[in-house]
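What follows is the residue order along each chain.
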Amino acid sequence: MFSGFCNSLIRVYWLLVPEDRRIVCLYRESCSRYVYRSFDEGGFLKGISALLHRYRNCDPGYRIINHHGEAAIQTNCGEIITRDRISTSIFVGT
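Everything numeric here is computed off the predicted structure, so don't read it as measured data.

Draft legend 1. Summary view of the pattern of salt bridges. Considering all chains together, one arrives at 4 salt bridges under this definition. In this structure, R83 engages E70 in a salt bridge whose closest nitrogen and oxygen atoms are separated by 3.3 Å. Linking R83 in the segment after β3 (80–81) with E70 in strand β2 (residues 70–74), this pair joins segments that are 13 residues apart in sequence. The closest approach of N and O atoms between R85 and E79, which form a salt bridge, is 2.9 Å. Owing to a relative accessible area of 33%, R85 belongs among the partly exposed residues under this scheme. Connected through salt bridges with shared partners, the residues E29, R37 and E41 form a single ionic network.

So, how was this worked out
Residues numbered from 1 in each chain as written. Predicted model: local features only at pLDDT ≥ 70, side-chain atom pairs only at ≥ 80, totals over all residues. Heavy atoms only, no water. Salt bridge = Lys/Arg side-chain N within 4 Å of Asp/Glu carboxyl O. Helix = DSSP H or I, 4+ residues; strand = E, 2+ residues; numbered from the N terminus. Buried < 20%, exposed > 50% of the residue type's maximum accessible area, 1.4 Å probe, protein only.

Take it as geometry only, folks, not as evidence of what the structure does.
If you want it as structure tokens, here you go:
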């Protein structure tokens, strides 16, 4: 029930904010799509957990690092986002 309501809010966001005007996400799967999928597949608690995780990690304070010979992103919280999970808007052609 709550999961459906939360996903409805995300769908409203998608309708009101065109994709080209949204903040670029660090992750290949955008934050809103990831949280939507988490609510859909795992229920309310998993969705809230996904929302909090992305909120803490998706901020402008990240840095690009060398991780096992590959470019990666390290967030302020210390999470390492490997190249295969990084948004193509961040690492185009790497």
